[in-house]
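# Geometric and topological summary
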Amino acid sequence: MKSLPYALILSLILSTAATAQQAPLVLAAASLQESMTAAADAWAKQGHPKPTISFAASSALARQVAAGAPADLFVSADEDWMNDLAQKNLIVASTRVTFLGNRLVVAAPAGSKVRIPVRPPAALARVLGAGPLAMADTPVPAGKYGQQALEKLGVWAQVSPKVVRAENVRATLALVERGAAPLGIVYATDAKASAKVRIAGVFPESSHPPITYPVARLKTSTNPQAEAFRRFLISRAGKAIFVRYGFSAR
């Protein structure tokens, strides 16, 4: 077999390295795992460098940015953590766009027959308070939304002793999938992403603030591909990808 000329090999290596350097780094909320990955794949199919995506709780990602972690885009599962970075002057304000929405649900194992009665409060407290009830930690958007909903519905005092906290919404989902908790408060899109769980109940939208996802470019970003990918995410074609995974477009 004929070996490639050294100059050609060097050219291929440099080309590959340049492409890797151009790929934007996106910090995205844990609930976006499947949908953001699909968006990155679609972007790459158009001939762009495939974005590198780091998934975690929005709270953890925002703290990483505040601590100086290099990244290009931040996509949060709530407005509060984006506001936090805006107040610290860490985002390009003109690039901030709220482009997705979600619903808050109670997930149960796929074989479970339990149904969640939203009212009266006594019935809701009885079902959720049987415990353990998996929820994301309170700095995490899903955890905050969940606690706000339970407080609004008047059952937090009865249910809170049975709550088991998780690092993020996907860790909450995993507790239900493994049977470590019979119920968990997650987003509708998380429940849809798993064949091991089903939606046992949906919280009224009036019981918590709107669940919205803003995206913004970080001020430290120097990657020319970052803004192009951000614009793709908020485009009609980009939003359509997320809608396929159960999000609402805004």
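Residues numbered from 1 in each chain as written. Predicted model: local features only at pLDDT ≥ 70, side-chain atom pairs only at ≥ 80, totals over all residues. Heavy atoms only, no water.

Before going further, it helps to spend a moment on the sheet that holds strand β11 (residues 248-249). Here we have six strands laid out as an open sheet, ordered β2-β1-β3-β10-β4-β11, and mixed in their pairing. Two strands close off the open sheet at either side, each with one partner strand: β2 (52-56) and β11. In this structure, strand β1 (residues 25-29) lies alongside strand β3 (residues 73-75), joined through three bridges in parallel fashion. Bridging from a neighbouring strand, Leu27 pairs with Phe74 of β3. (Pairing = 2+ DSSP bridges. Helix = DSSP H or I, 4+ residues; strand = E, 2+ residues; numbered from the N terminus.)

Moving on: unusual backbone geometry. A cis amide bond, omega -10 degrees, links Gly131 with the succeeding residue Pro132. A positive phi is found at Asn89, a non-glycine position, where the angle reads about 60 degrees. Of note, Asn89 is situated in the loop between α4 (79-87) and β4 (97-102).

Across all of its chains, the model carries eleven salt bridges by this definition. The shortest N-O distance in the salt bridge between Asp190 and Arg170 comes to 2.6 Å. Here Arg170 lies in helix α8 (residues 169-177) and Asp190 lies in helix α9 (residues 188-193), a separation of 20 residues in the sequence. According to the relative accessible area criterion, Arg170 is buried, its value standing at 13%. Here Arg231 ties to Glu227 by a salt bridge, and the two come within 3.0 Å at their closest N and O atoms. Of this pair, Arg231 and Glu227 both sit in helix α10 (residues 224-233), separated by four residues, roughly a single helical turn. In the salt-bridge network here, residues are joined through shared partners; they are Arg217, Glu227, Arg230 and Arg231. (Salt bridge = Lys/Arg side-chain N within 4 Å of Asp/Glu carboxyl O. Buried < 20%, exposed > 50% of the residue type's maximum accessible area, 1.4 Å probe, protein only.)

Turning our eyes to something else, we now look at the sheet that holds strand β5 (residues 104-109). Read from one edge of the open sheet, five strands run β7-β6-β8-β5-β9, paired in mixed fashion. In the strand order of this sheet, the two ends are held by β7 (163-166) and β9 (197-202), each with one partner. Strand-to-strand twist of the sheet, defined as the mean angle between neighbouring strand axes without regard to direction, takes the value 35 degrees. Bridge count for strand β6 (residues 133-136) against β7 is four bridges, and the pairing is parallel. Across the sheet, the residue bridging to Leu133 is Val163, located in β7. (Axes fitted to C-alpha atoms, helices over the stretch in contact; angles between N-to-C directions.)

With respect to the secondary-structure elements, Asp78 resides in the loop between β3 and α4. Given the relative accessible area of 3%, Asp78 is considered buried. In this structure the side chain of Asp78 is engaged in a polar contact, spanning 3.2 Å, whose partner is the backbone nitrogen of Trp81. (Polar contact = N/O pair within 3.5 Å; in protein donor to acceptor, adjacent residues only side chain to side chain.)

Let's shift gears to the nonpolar core. Formed by 60 residues in total, the largest nonpolar core has its most connected members in Leu32, Leu150 and Tyr213. Other than its neighbours up to four places away in sequence, Leu32 contacts Thr37, Phe55, Val75, Leu100, Tyr213, Phe242 and Phe247. With 13 residues, the next largest nonpolar core counts Ala62, Trp81, Leu85 and Leu218 among its residues. (Core = buried A, V, L, I, M, F, W, Y, C linked by side-chain atoms within 4.5 Å. Contact = heavy atoms within 4.5 Å.)

Listed as buried for helix α11 (residues 236-244) are Gly238, Lys239, Ile241 and Phe242. Along the axis of α11, the buried positions cluster into a sector of 150 degrees, meaning they face one direction only. In α11, the exposed positions that point more than 90 degrees away from the buried face belong to Arg236 and Arg244. In this fold, the buried residues of α11 make contact with α2 (33-45), β4, α10 and β11. Downstream of α11 by one or two residues, Gly246 has phi in the positive range, about 105 degrees. (Arc of directions from axis to C-beta.)

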